[in-house]
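Chain by chain, the residues run as shown.
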Amino acid sequence: MVCEYCGATPPSGKSCRDLYDNLAFYTLSTGDDFFIHQLIVDAYGVQHAHGGSKPIAVAFALIGLYLFAQMHYTGREVQRVHMRLGEQKQDYPAFMLPKSRGPITAAHVLEAPEGLERDRRIKEWAKSTWEAFIGNQPQVVEVLIKNNIIK
Ligand SMILES: [Zn+2]
């Protein structure tokens, strides 16, 4: 069945969440310095955001994708920003959730063999997902400036 959020078609009997869990098992086991796991959390998160999602969850995921795709942050650096933002209680703006969530999904990423090829595809996934959500850039930048993360 086609996922109503990201448009992926998981193998029969599996959900998109199963694909994500499978992928997370891989990214968490690599123990890489870049911390590529952060990218799958954020890409999957925004691709599956909906009207009932918590604004902070959508904000963190969009911020992570923006910092990686536009500012060349590593997953580890994104994680630090999330921790810093989490220290201050604050309201996050409403974000636009586009109908099209980008051409790459967790299903495509899992098709790539583990290792360099899969890691490259995860980065493409994060970049293309950010492109699909790029209309939110002004709001993302505003939050980051307000919190002294970027100038
Ligand atoms: Zn999905």
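Right, let's walk through the structure included here. (Residues numbered from 1 in each chain as written. Predicted model: local features only at pLDDT ≥ 70, side-chain atom pairs only at ≥ 80, totals over all residues. Heavy atoms only, no water.)

1. Some thoughts on the overall build of the chain
Secondary structure summary: the chain contains 7 helices and 0 strands in total. Listing every helix and strand of the chain by position from the N terminus yields α-α-α-α-α-α-α. A compact globule built from 151 residues would reach a C-alpha radius of gyration of about 15 Å, and the chain, at 15 Å, matches this within 12%. Projecting the C-alpha coordinates of the chain onto the three principal axes gives extents of approximately 45 × 35 × 25 Å. Summarising the internal contacts of the chain: among those between residues at least 6 apart in sequence, 72% fall at separations of at least 24. Of the accessible surface of the chain, which amounts to about 8,200 Å², a share of 53% is contributed by carbon and sulfur atoms. Treating the 16 positive side-chain charges of the chain as one cloud and the 16 negative ones as another, the clouds have centres 4 Å apart. (Helix = DSSP H or I, 4+ residues; strand = E, 2+ residues; numbered from the N terminus. Rg over C-alpha atoms; globule rule 2.2 N^0.38 Å. Contact = heavy atoms within 4.5 Å. Areas by Shrake-Rupley, 256 points an atom, 1.4 Å probe, with all protein chains shown as cover. Lys, Arg positive; Asp, Glu negative; His and termini not counted. Charge placed at Lys NZ, Arg CZ, Asp CG, Glu CD.)

2. Considerations on the packing of helix α1 (residues 16–30) against helix α2 (residues 37–47)
One way to put it is that α1 packs onto α2 with a least axis distance of 9 Å and a crossing angle of 165°. Overall, the two elements α1 and α2 adopt an arrangement that is roughly antiparallel. Between α1 and α2 lies a crossing whose hand is left-handed. Where α1 approaches α2, its residues C16, R17, Y20, L23, A24, T27 and L28 are matched on the opposing element by H37, I40, V41 and Y44. For the contact of α1 with α2, the class distribution of residues is 8 nonpolar, 2 polar and 1 charged. (Axes fitted to C-alpha atoms, helices over the stretch in contact; angles between N-to-C directions. Parallel < 35°, antiparallel > 145°, perpendicular 65-115°, else oblique. Left-handed = near helix turned anticlockwise from the far one by under 90°. Nonpolar A, V, L, I, M, F, W, Y, C, P; charged D, E, K, R; others polar.)

3. A short note on the pattern of salt bridges
Applying the stated rule across the entire model yields 2 salt bridges. A salt bridge links E114 to R118, with the nearest nitrogen and oxygen atoms 3.8 Å apart. A relative accessible area of 57% means that E114 is categorised as exposed. (Salt bridge = Lys/Arg side-chain N within 4 Å of Asp/Glu carboxyl O. Buried < 20%, exposed > 50% of the residue type's maximum accessible area, 1.4 Å probe, protein only.)

4. Focus on the coordination of the zinc ion
Ideal geometry at a metal centre: 109.5 degrees between donors when four sit tetrahedrally, and 90 or 180 degrees when six sit octahedrally. Here the zinc ion is held by the protein donor atoms C3 (SG), C6 (SG), C16 (SG) and H48 (NE2), which lie 2.1 to 2.3 Å from it. With 4 donor atoms in place around the zinc ion and angles of 98 to 119° between them, the coordination shape is tetrahedral. The sequence pattern describing where the donors of the zinc ion fall on their chain is C-x2-C-x9-C-x31-H. Remark: C16 occurs in helix α1 and C6 occurs in the segment before α1; sequence separation between them is 10 residues. On the basis of relative accessible area, C6 is assigned to the buried category, the value being 7%. (Donors = N, O, S within 2.8 Å, 3.2 Å for Na, K, Ca; no water. Tetrahedral: all angles 85-135°; square planar, octahedral: opposite > 155°, others 65-115°.)

5. What to know about helix α4 (residues 75–87)
Taking 1.5 Å per residue as the helical rise, α4 with its 13 residues ought to reach 18 Å, and the 19 Å between its terminal C-alpha atoms agrees with that figure. G75, V78, V81, H82 and L85 are the residues of α4 that are buried. Within α4, the buried residues cover an arc of 115° as seen down the axis, which keeps them to one side. Those residues of α4 that are exposed and angled more than 90 degrees off the buried face are M83 and E87. (Expected span 1.5 Å × (residues − 1). Arc of directions from axis to C-beta.)

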